[in-house]
Amino acid sequence: MEQAAHAWHLKIGAVLHQSGSPLHAPVLQWYDANARVLPWRDPAASPWAVMVSEFMLQQTPVARVLPAYERWLERWPTPADLAAEPPGEAVRAWDRLGYPRRALRLHAAAQAIVERHGGEVPSDHADLLALPGVGTYTAAAIASFAFGQRHAVVDTNVRRVLARALTGVAQPTISPTAADQRLAVAALPADEPTAARWAVASMELGALICTARTPRCADCPIRRQCAWVLAGSPPYDGPPRRGQTYEGTDRQARGRLLAVLRASTTPVPKPQLDATWPDAPQRERALDGLVADGLVEPLPHNHYRLPA
DNA sequence: CACGCGTGGTA
DNA sequence: TTACCAAGCGT
(Lines give C-alpha, C1' and ligand atoms only; values in the text may rest on other atoms or scores of the structure.)
Protein backbone atom coordinates (compact mmCIF):
# COMPACT_ATOMS: atom_id res chain seq x y z
CA MET A 1 0.00 0.00 0.00
CA GLU A 2 2.98 2.23 0.57
CA GLN A 3 3.79 1.50 -3.07
CA ALA A 4 0.31 2.46 -4.10
CA ALA A 5 0.41 5.64 -2.09
CA HIS A 6 3.75 6.51 -3.60
CA ALA A 7 2.52 5.87 -7.11
CA TRP A 8 -0.54 7.95 -6.41
CA HIS A 9 1.61 10.85 -5.27
CA LEU A 10 3.74 10.59 -8.39
CA LYS A 11 0.60 10.70 -10.47
CA ILE A 12 -0.76 13.71 -8.63
CA GLY A 13 2.61 15.41 -8.98
CA ALA A 14 2.69 14.72 -12.70
CA VAL A 15 -0.79 16.08 -13.20
CA LEU A 16 -0.01 19.15 -11.16
CA HIS A 17 3.10 20.01 -13.05
CA GLN A 18 1.80 19.82 -16.59
CA SER A 19 1.16 23.42 -17.59
CA GLY A 20 0.61 24.04 -13.91
CA SER A 21 -2.29 22.40 -12.22
CA PRO A 22 -5.68 22.65 -13.90
CA LEU A 23 -6.70 24.13 -10.56
CA HIS A 24 -4.43 27.16 -10.74
CA ALA A 25 -6.02 29.29 -13.42
CA PRO A 26 -9.64 29.02 -12.23
CA VAL A 27 -8.72 29.62 -8.60
CA LEU A 28 -6.50 32.60 -9.40
CA GLN A 29 -9.15 34.09 -11.64
CA TRP A 30 -11.81 33.51 -9.02
CA TYR A 31 -9.64 35.21 -6.42
CA ASP A 32 -9.10 38.27 -8.59
CA ALA A 33 -12.86 38.71 -8.85
CA ASN A 34 -13.95 37.67 -5.35
CA ALA A 35 -11.21 38.32 -2.80
CA ARG A 36 -12.25 40.21 0.30
CA VAL A 37 -10.70 43.61 0.76
CA LEU A 38 -8.70 43.23 3.98
CA PRO A 39 -6.28 45.79 5.41
CA TRP A 40 -3.39 43.35 5.66
CA ARG A 41 -3.75 42.64 1.93
CA ASP A 42 -3.21 46.29 1.02
CA PRO A 43 -0.01 46.42 -1.02
CA ALA A 44 1.08 49.19 1.34
CA ALA A 45 0.73 46.92 4.39
CA SER A 46 4.13 46.43 6.03
CA PRO A 47 5.58 43.00 6.84
CA TRP A 48 4.92 43.86 10.49
CA ALA A 49 1.27 44.51 9.69
CA VAL A 50 1.06 41.14 7.95
CA MET A 51 2.73 39.51 10.92
CA VAL A 52 0.32 41.12 13.39
CA SER A 53 -2.63 39.95 11.30
CA GLU A 54 -1.29 36.40 11.17
CA PHE A 55 -0.90 36.21 14.94
CA MET A 56 -4.40 37.52 15.47
CA LEU A 57 -5.90 35.22 12.87
CA GLN A 58 -4.53 32.10 14.52
CA GLN A 59 -7.86 30.59 15.53
CA THR A 60 -9.79 33.87 15.59
CA PRO A 61 -12.25 34.82 12.80
CA VAL A 62 -11.54 37.79 10.52
CA ALA A 63 -14.55 39.80 11.70
CA ARG A 64 -13.32 39.85 15.28
CA VAL A 65 -9.72 40.55 14.30
CA LEU A 66 -10.39 43.67 12.20
CA PRO A 67 -10.98 46.27 14.97
CA ALA A 68 -8.21 44.95 17.22
CA TYR A 69 -5.82 44.90 14.26
CA GLU A 70 -6.51 48.54 13.43
CA ARG A 71 -6.02 49.69 17.01
CA TRP A 72 -2.88 47.62 17.40
CA LEU A 73 -1.12 49.03 14.36
CA GLU A 74 -2.11 52.56 15.15
CA ARG A 75 -0.54 52.21 18.56
CA TRP A 76 2.46 50.08 17.55
CA PRO A 77 3.27 50.75 13.89
CA THR A 78 6.64 48.97 14.16
CA PRO A 79 8.07 46.03 16.12
CA ALA A 80 10.24 48.48 18.09
CA ASP A 81 7.15 50.39 19.25
CA LEU A 82 5.67 47.25 20.74
CA ALA A 83 8.96 45.96 22.12
CA ALA A 84 9.39 49.20 24.07
CA GLU A 85 6.27 48.57 26.12
CA PRO A 86 5.68 46.05 28.90
CA PRO A 87 4.18 42.72 27.82
CA GLY A 88 1.09 43.42 29.91
CA GLU A 89 0.14 46.21 27.53
CA ALA A 90 0.12 43.72 24.67
CA VAL A 91 -2.12 41.43 26.72
CA ARG A 92 -4.46 44.33 27.47
CA ALA A 93 -4.65 45.46 23.85
CA TRP A 94 -5.30 41.88 22.81
CA ASP A 95 -8.72 42.46 24.31
CA ARG A 96 -11.07 39.49 23.81
CA LEU A 97 -9.46 37.89 20.78
CA GLY A 98 -8.86 34.76 22.81
CA TYR A 99 -5.71 32.71 23.44
CA PRO A 100 -3.92 35.68 25.03
CA ARG A 101 -0.61 33.83 25.08
CA ARG A 102 -0.46 34.91 21.45
CA ALA A 103 -0.19 38.51 22.64
CA LEU A 104 2.73 37.60 24.84
CA ARG A 105 4.41 35.75 21.99
CA LEU A 106 3.86 38.63 19.57
CA HIS A 107 5.47 40.95 22.10
CA ALA A 108 8.41 38.56 22.54
CA ALA A 109 8.70 38.23 18.77
CA ALA A 110 8.85 42.02 18.45
CA GLN A 111 11.68 42.10 20.97
CA ALA A 112 13.52 39.35 19.10
CA ILE A 113 13.09 41.28 15.86
CA VAL A 114 14.62 44.36 17.47
CA GLU A 115 17.48 42.39 18.99
CA ARG A 116 18.31 40.05 16.13
CA HIS A 117 17.05 41.78 13.00
CA GLY A 118 17.55 45.48 13.55
CA GLY A 119 13.84 46.05 14.03
CA GLU A 120 12.85 44.72 10.60
CA VAL A 121 10.66 41.66 10.22
CA PRO A 122 12.99 39.08 8.64
CA SER A 123 12.10 37.72 5.21
CA ASP A 124 13.96 34.46 5.62
CA HIS A 125 11.72 31.51 6.41
CA ALA A 126 14.12 30.00 8.96
CA ASP A 127 14.51 33.34 10.72
CA LEU A 128 10.74 33.71 10.90
CA LEU A 129 10.32 30.20 12.23
CA ALA A 130 12.74 30.97 15.04
CA LEU A 131 10.51 33.75 16.37
CA PRO A 132 8.24 33.06 19.35
CA GLY A 133 4.70 32.16 18.28
CA VAL A 134 5.72 31.56 14.67
CA GLY A 135 5.19 27.98 13.54
CA THR A 136 5.24 26.29 10.15
CA TYR A 137 2.09 27.96 8.92
CA THR A 138 2.82 31.50 10.11
CA ALA A 139 6.41 31.49 8.84
CA ALA A 140 5.24 30.43 5.38
CA ALA A 141 2.37 32.90 5.46
CA ILE A 142 4.57 35.90 6.29
CA ALA A 143 7.23 34.87 3.77
CA SER A 144 4.57 34.47 1.09
CA PHE A 145 2.15 37.32 1.83
CA ALA A 146 4.65 39.96 2.93
CA PHE A 147 7.64 39.03 0.79
CA GLY A 148 6.11 37.26 -2.21
CA GLN A 149 8.10 34.09 -1.74
CA ARG A 150 7.19 30.59 -2.87
CA HIS A 151 6.08 28.52 0.10
CA ALA A 152 3.36 25.99 0.79
CA VAL A 153 1.08 27.95 3.10
CA VAL A 154 -0.90 25.21 4.75
CA ASP A 155 -3.65 26.25 7.08
CA THR A 156 -6.98 24.60 7.83
CA ASN A 157 -8.58 26.20 4.76
CA VAL A 158 -5.93 24.92 2.39
CA ARG A 159 -5.95 21.48 3.98
CA ARG A 160 -9.69 21.30 3.38
CA VAL A 161 -9.49 22.51 -0.23
CA LEU A 162 -6.77 19.99 -1.06
CA ALA A 163 -8.53 17.19 0.80
CA ARG A 164 -11.62 17.72 -1.32
CA ALA A 165 -10.19 18.76 -4.66
CA LEU A 166 -7.30 16.28 -4.81
CA THR A 167 -7.89 13.53 -2.28
CA GLY A 168 -11.64 13.40 -2.74
CA VAL A 169 -12.70 13.30 0.91
CA ALA A 170 -15.12 15.59 2.72
CA GLN A 171 -12.73 16.75 5.43
CA PRO A 172 -8.98 16.77 5.96
CA THR A 173 -7.43 14.72 8.76
CA ILE A 174 -8.07 16.09 12.23
CA SER A 175 -4.50 17.21 12.77
CA PRO A 176 -2.07 18.34 10.06
CA THR A 177 0.08 15.59 8.60
CA ALA A 178 3.24 15.34 6.56
CA ALA A 179 1.03 14.12 3.71
CA ASP A 180 -0.86 17.44 3.74
CA GLN A 181 2.39 19.30 3.50
CA ARG A 182 3.61 17.14 0.60
CA LEU A 183 0.35 17.56 -1.24
CA ALA A 184 0.50 21.34 -0.79
CA VAL A 185 4.08 21.47 -2.01
CA ALA A 186 3.14 19.40 -5.06
CA ALA A 187 0.21 21.73 -5.77
CA LEU A 188 2.41 24.85 -5.66
CA PRO A 189 2.91 26.74 -8.93
CA ALA A 190 6.51 26.64 -10.07
CA ASP A 191 7.22 30.33 -10.36
CA GLU A 192 7.45 32.55 -7.30
CA PRO A 193 4.86 35.26 -8.01
CA THR A 194 2.22 32.76 -9.10
CA ALA A 195 2.94 30.59 -6.06
CA ALA A 196 2.43 33.57 -3.79
CA ARG A 197 -0.90 34.39 -5.45
CA TRP A 198 -1.95 30.75 -5.26
CA ALA A 199 -1.26 30.72 -1.52
CA VAL A 200 -3.74 33.51 -0.73
CA ALA A 201 -6.17 32.43 -3.39
CA SER A 202 -6.45 28.80 -2.30
CA MET A 203 -6.82 29.92 1.30
CA GLU A 204 -9.52 32.40 0.36
CA LEU A 205 -11.37 29.72 -1.57
CA GLY A 206 -11.44 27.61 1.56
CA ALA A 207 -12.65 30.54 3.64
CA LEU A 208 -15.46 31.67 1.32
CA ILE A 209 -16.53 28.74 -0.85
CA CYS A 210 -15.00 25.47 0.26
CA THR A 211 -16.17 25.93 3.83
CA ALA A 212 -16.20 23.28 6.51
CA ARG A 213 -19.92 22.88 7.09
CA THR A 214 -21.91 23.90 4.02
CA PRO A 215 -19.59 24.33 1.04
CA ARG A 216 -20.96 26.51 -1.74
CA CYS A 217 -20.00 24.11 -4.48
CA ALA A 218 -22.38 25.76 -6.97
CA ASP A 219 -20.14 28.85 -6.86
CA CYS A 220 -16.85 26.97 -6.84
CA PRO A 221 -14.47 27.63 -9.73
CA ILE A 222 -13.02 24.11 -9.55
CA ARG A 223 -16.14 22.04 -9.00
CA ARG A 224 -15.62 20.25 -12.34
CA GLN A 225 -12.17 19.11 -11.29
CA CYS A 226 -12.95 18.49 -7.64
CA ALA A 227 -12.30 14.83 -6.75
CA TRP A 228 -14.79 14.99 -3.90
CA VAL A 229 -17.61 16.41 -6.04
CA LEU A 230 -16.80 13.97 -8.85
CA ALA A 231 -17.09 11.15 -6.32
CA GLY A 232 -20.59 12.32 -5.44
CA SER A 233 -19.63 14.39 -2.38
CA PRO A 234 -19.43 11.43 0.00
CA PRO A 235 -19.93 12.36 3.67
CA TYR A 236 -17.12 12.47 6.20
CA ASP A 237 -16.40 8.98 7.48
CA GLY A 238 -13.33 9.46 9.66
CA PRO A 239 -13.08 9.41 13.44
CA PRO A 240 -15.36 11.83 15.35
CA ARG A 241 -13.87 15.28 15.85
CA ARG A 242 -13.72 16.08 19.49
CA GLY A 243 -15.60 19.24 20.26
CA GLN A 244 -14.18 21.73 22.69
CA THR A 245 -16.41 22.34 25.66
CA TYR A 246 -15.88 25.66 27.33
CA GLU A 247 -18.45 26.10 30.05
CA GLY A 248 -16.90 25.29 33.40
CA THR A 249 -13.38 24.69 32.11
CA ASP A 250 -10.09 26.07 33.35
CA ARG A 251 -10.03 28.05 30.15
CA GLN A 252 -13.18 29.86 31.11
CA ALA A 253 -11.86 30.51 34.61
CA ARG A 254 -8.64 31.93 33.18
CA GLY A 255 -10.67 34.12 30.86
CA ARG A 256 -12.67 35.54 33.75
CA LEU A 257 -9.58 36.29 35.81
CA LEU A 258 -7.73 37.89 32.94
CA ALA A 259 -10.74 40.01 31.99
CA VAL A 260 -10.68 41.62 35.44
CA LEU A 261 -6.94 42.26 35.23
CA ARG A 262 -7.19 43.70 31.71
CA ALA A 263 -9.84 46.14 32.86
CA SER A 264 -7.73 47.51 35.70
CA THR A 265 -4.73 49.79 35.33
CA THR A 266 -3.89 49.36 39.01
CA PRO A 267 -2.98 46.15 40.86
CA VAL A 268 -6.02 44.05 41.71
CA PRO A 269 -6.52 42.67 45.25
CA LYS A 270 -7.01 38.92 45.41
CA PRO A 271 -10.60 39.06 46.78
CA GLN A 272 -11.68 40.85 43.64
CA LEU A 273 -10.30 37.98 41.58
CA ASP A 274 -11.90 35.42 43.89
CA ALA A 275 -15.28 36.93 43.08
CA THR A 276 -14.97 35.88 39.45
CA TRP A 277 -15.08 32.10 40.00
CA PRO A 278 -16.86 30.13 42.73
CA ASP A 279 -14.81 26.91 42.63
CA ALA A 280 -11.77 27.78 44.75
CA PRO A 281 -9.41 24.93 43.77
CA GLN A 282 -10.12 25.49 40.10
CA ARG A 283 -9.74 29.24 40.49
CA GLU A 284 -6.37 28.84 42.19
CA ARG A 285 -5.22 26.41 39.54
CA ALA A 286 -6.27 28.85 36.83
CA LEU A 287 -4.51 31.77 38.50
CA ASP A 288 -1.35 29.75 39.04
CA GLY A 289 -1.48 28.77 35.40
CA LEU A 290 -1.76 32.37 34.29
CA VAL A 291 1.24 33.30 36.45
CA ALA A 292 3.22 30.34 35.12
CA ASP A 293 2.42 31.41 31.57
CA GLY A 294 3.63 34.94 32.27
CA LEU A 295 0.20 36.43 31.65
CA VAL A 296 -0.20 37.58 35.24
CA GLU A 297 2.28 38.99 37.70
CA PRO A 298 1.83 38.38 41.43
CA LEU A 299 2.69 41.30 43.69
CA PRO A 300 3.22 41.60 47.46
CA HIS A 301 0.15 41.90 49.70
CA ASN A 302 -2.02 39.60 47.61
CA HIS A 303 -2.25 41.83 44.60
CA TYR A 304 -2.03 40.91 40.93
CA ARG A 305 -1.59 42.72 37.64
CA LEU A 306 -0.73 42.21 34.00
CA PRO A 307 3.05 41.73 33.58
CA ALA A 308 5.06 44.96 33.62
C1' DC B 1 1.23 13.24 18.99
C1' DA B 2 -2.50 14.63 21.83
C1' DC B 3 -3.57 17.99 24.48
C1' DG B 4 -4.32 22.71 26.56
C1' DC B 5 -5.10 27.12 25.39
C1' DG B 6 -10.34 31.98 24.77
C1' DT B 7 -14.07 33.74 22.80
C1' DG B 8 -18.05 34.40 20.09
C1' DG B 9 -20.87 33.44 15.94
C1' DT B 10 -23.80 30.26 13.48
C1' DA B 11 -26.87 26.27 12.10
C1' DT C 1 -29.93 24.68 22.67
C1' DT C 2 -25.87 22.25 21.87
C1' DA C 3 -22.21 21.49 18.91
C1' DC C 4 -19.21 22.87 15.79
C1' DC C 5 -16.11 26.01 13.88
C1' DA C 6 -12.52 29.92 13.34
C1' DA C 7 -5.47 32.07 8.80
C1' DG C 8 -2.15 27.42 15.11
C1' DC C 9 1.48 27.06 18.55
C1' DG C 10 4.19 24.91 22.13
C1' DT C 11 4.92 21.15 25.02
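Residues numbered from 1 in each chain as written. Chains lettered and ligands numbered in written order. Predicted model: local features only at pLDDT ≥ 70, side-chain atom pairs only at ≥ 80, totals over all residues. Heavy atoms only, no water.

Draft legend 1. Highlighting the nonpolar core. Counting 50 residues, the largest nonpolar core has Trp48, Met51, Met56, Trp72 and Leu106 as the members making the most contacts within it. When residues of this core are traced back to their parent elements, those giving at least two are helix H3 (47-57), helix H4 (62-75), helix H5 (79-83), helix H6 (87-94), helix H7 (101-117), helix H9 (136-145), helix H14 (250-263) and helix H16 (280-292). Looking at which element gives the most residues to this core, the answer is H7, with 7 residues. For this core, the two domains that each supply at least three residues are domain 2 (46-145) and domain 3 (250-305). Setting aside chain neighbours within four positions, we find Met51 in contact with Leu106, Ala109, Ile113, Val121, Leu131 and Ile142. Counting residues in hydrophobic clusters, the runner-up holds 30 residues, among them Leu23, Leu28, Ala140 and Cys220. (Core = buried A, V, L, I, M, F, W, Y, C linked by side-chain atoms within 4.5 Å. Buried < 20%, exposed > 50% of the residue type's maximum accessible area, 1.4 Å probe, protein only. Helix = DSSP H or I, 4+ residues; strand = E, 2+ residues; numbered from the N terminus. Domains from an automatic or database assignment. Contact = heavy atoms within 4.5 Å.)

Draft legend 2. Region of interest: H16. Taking 1.5 Å of rise per residue, the 13 residues of H16 would be expected to cover 18 Å, and the 18 Å separating its terminal C-alpha atoms lies within 8% of that figure. What H16 keeps buried is the set Gln282, Arg283, Ala286, Leu287, Gly289 and Leu290. Along H16, the residues classed as buried sweep out an arc of 160 degrees about the axis, all on the same side. Opposite the packed face of H16, turned more than 90 degrees from it, sit the exposed residues Pro281, Asp288 and Ala292. The backbone nitrogen of Gln282 lies 3.2 Å from a side-chain oxygen of the residue at the head of H16, namely Asp279. Phi turns positive one or two residues past the end of H16, at Gly294, with a value near 80 degrees. (Expected span 1.5 Å × (residues − 1). Arc of directions from axis to C-beta. Polar contact = N/O pair within 3.5 Å; in protein donor to acceptor, adjacent residues only side chain to side chain.)

Draft legend 3. Structural view of the protein's contact with DNA strand B. Close contacts around DNA strand B come from 17 residues, with Arg64, Arg96, Pro100, Arg251 and Arg254 the closest. Of all DNA strand B atoms lying within 4 Å of any protein atom, the proportion belonging to sugar or phosphate reaches 55%. Here Gln59 contributes a backbone N or O atom positioned 3.3 Å from a base nitrogen of DNA strand B. Between DNA strand B and the protein, one listed contact pairs a sugar or linking oxygen with a side-chain N or O atom of Arg101 at 2.9 Å. Of all the secondary structure elements, the ones that give two or more residues to the surface near DNA strand B are H7 and H14. It is H14 that contributes the most residues to the surface near DNA strand B, 4 residues altogether. (Near = heavy atom within 4 Å.)

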